[in-house]
Each structure stands twice: as structure tokens, then as C-alpha cells.
Amino acid sequence: MREALKQARTAAERDEVPVGAVVVHEQKIIARAHNQVETLRDPTAHAEMIVITQATSFLSSKWLQECTLYVTLEPCSMCAGALVLARIKRICFGAADPKSGACGSVLDITRHGQLNHQLEVAGGILPEECGGILRSFFERKRKDNPDICPPKE
């Protein structure tokens, strides 16, 4: 998770929502990424989507059955769906996402019984650190852009 946090910090430095992800295969990091939605002007350029592409390329396989994803924020429905399709073995996330988390917070796509693959999910890995980087980012955004991002009440 510490490597995913490094990626999240890189995202924050680039004014991206600070989410970082790594994929581990046989106890080795084979892919790392951070959000690039703003940079690429692509709403699908979440850290998880980018890291899936990197990992499948590294393994020359469309399946990530023996891999674990470490990500600083609970994946959304798009990313959770892609992780099911990639048949990743396990997801470990830092901060829960009570607004759009799809690994148990709002939805649970990753363990839905009607899908052809279910994943192991572990949440709450370094949650304070993972959540703190997001809170700091959005506090700064609200302070710097009060007309666009009103302060939380």
C-alpha cells in the first residue's frame, strides 16, 4: 500500500485526484499507476484502469488471476467491473468510498453472486493515510476555488 500511496502523491502533485494503485504478482510489483483523468481528459483514466492495462501487458494475458491490486481508495463501479472482468484474485484498498465505492460501501460488484467471478476484498489498509491525502487535496481545492468547490458544511 505504501507504493500505491507514492502513486497517489504523484497524482496530487499533478493536480489529479490522489488515487494510486499497484498490482502485485508473485510478490513483485508488476504495474503502478495513478489517476490521470485530467491529464488525459479521459473519465476512464482511473488508476485501477491504467494499472490493469499495464499488468495484463506485463503478463501477456487478459487474466490477472494470481494478482493482487493495492489501491488507496475503494474502487468505483467502473473499476470494480473491470477488475471482475480481468479476474483479479484480490483487492486491498485503503480508504472506503461512501459515495461511490463498489467493493461493499455502496455496491458490491466484486462479490456479486450472479457474476462469473468474485474477488477477495480487504479494506481499511492504512485508511488514515489513504483518506488523509484525499481530504487534504479536496480541502485545498475548496480553498483555492470557493466558487467552484464550496466549503463543506
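Before going into details, it helps to say that this report is about the structure given with it. Since the structure is predicted, the reported quantities are computational estimates derived from the model, not experimental observations. (Residues numbered from 1 in each chain as written. Predicted model: local features only at pLDDT ≥ 70, side-chain atom pairs only at ≥ 80, totals over all residues. Heavy atoms only, no water.)

**Let's talk about the sheet that holds strand E1 (residues 20-25)**
Overall, mixed pairing links the five strands, which are arranged E2-E1-E3-E4-E5 in an open sheet. Only two strands of the sheet have a single neighbouring strand rather than two, namely strand E2 (28-34) and strand E5 (120-122). On average, each strand axis in the sheet is tilted by 15 degrees relative to the strand beside it, whichever way the strands run. As paired strands, E1 and strand E3 (residues 67-73) are joined by five bridges and run antiparallel to one another. Counterpart to valine 22 in the pairing with E3 is tyrosine 70. Each of E3 and strand E4 (90-95) is contacted by helix H5 (residues 127-144), which is oriented at about 60 degrees to E4, the strand it contacts most. (Pairing = 2+ DSSP bridges. Helix = DSSP H or I, 4+ residues; strand = E, 2+ residues; numbered from the N terminus. Axes fitted to C-alpha atoms, helices over the stretch in contact; angles between N-to-C directions. Contact = heavy atoms within 4.5 Å.)

**A closer look at helix H1 (residues 2-13)**
Because the α-helix completes a turn every 3.6 residues, residues three or four places apart line up on one side. Taking 1.5 Å per residue as the helical rise, H1 with its twelve residues ought to reach 16 Å, and the 17 Å between its terminal C-alpha atoms agrees with that figure. Within H1, burial applies to Ala4, Leu5, Gln7, Ala8 and Ala11. The arc enclosing the buried residues of H1, seen along the axis, measures out at 155 degrees, which places them on a common side. Residues of H1 that are buried make contact with E1, E2, E3 and H5. Where H1 terminates, the next one or two residues include aspartate 15, which has phi positive at roughly 65 degrees. (Expected span 1.5 Å × (residues − 1). Buried < 20%, exposed > 50% of the residue type's maximum accessible area, 1.4 Å probe, protein only. Arc of directions from axis to C-beta.)

**Some thoughts on the pairing of E2**
In the sheet, E1 pairs with E2 via six bridges, with the strands oriented antiparallel. Note that in E2 the partner of valine 22 across the bridge is arginine 32. Hairpin connection between E1 and E2: a loop of two residues separates the two successive antiparallel strands, and glutamate 26 in this loop has a positive phi of roughly 50 degrees.

**Section: the nonpolar core**
Counting residues in each nonpolar core, the largest one holds 35 residues, and the members touching the most others are Val23, Leu69, Ile88 and Ile91. Going through the elements one at a time, H1, E1, E2, helix H3 (47-59), E3, helix H4 (77-85), E4 and H5 are the ones with two or more residues in this core. Here this core takes five residues from H3, the largest share from any one element. Setting aside its immediate chain neighbours within four residues, valine 23 contacts Lys28, Ile29, Ile30, Ala31, Val51, Ala55, Cys67, Thr68 and Leu69. (Core = buried A, V, L, I, M, F, W, Y, C linked by side-chain atoms within 4.5 Å.)

**Brief notes about the state of the cysteines**
Within the structure shown, the criterion is met by zero disulfides. Summary of cysteine pairing: cysteine 130 is not part of a disulfide, and the nearest cysteine sulfur, belonging to cysteine 92, is at 11 Å. By relative accessible area, which is 0% here, cysteine 130 ends up buried. (Disulfide = S-S within 2.5 Å.)

**Concerning the packing of aromatic side chains**
Per the counting criterion, the structure on display carries one aromatic pair. Taking 5.1 Å as the distance between ring centres and 85 degrees as the angle between the ring planes, the aromatic pair formed by phenylalanine 137 and phenylalanine 138 counts as edge-to-face. Of the residues examined, phenylalanine 138 reaches a relative accessible area of 35% and is grouped as partly exposed. When the ring centre of tryptophan 63 is taken as origin, the NZ or CZ atom of arginine 87, which lies over that ring, is 3.9 Å away. (Phe/Tyr/Trp six-rings, centres within 6.5 Å; stacked < 30°, edge-to-face > 60°. Lys NZ or Arg CZ within 6 Å of the ring centre and 35° of its normal.)

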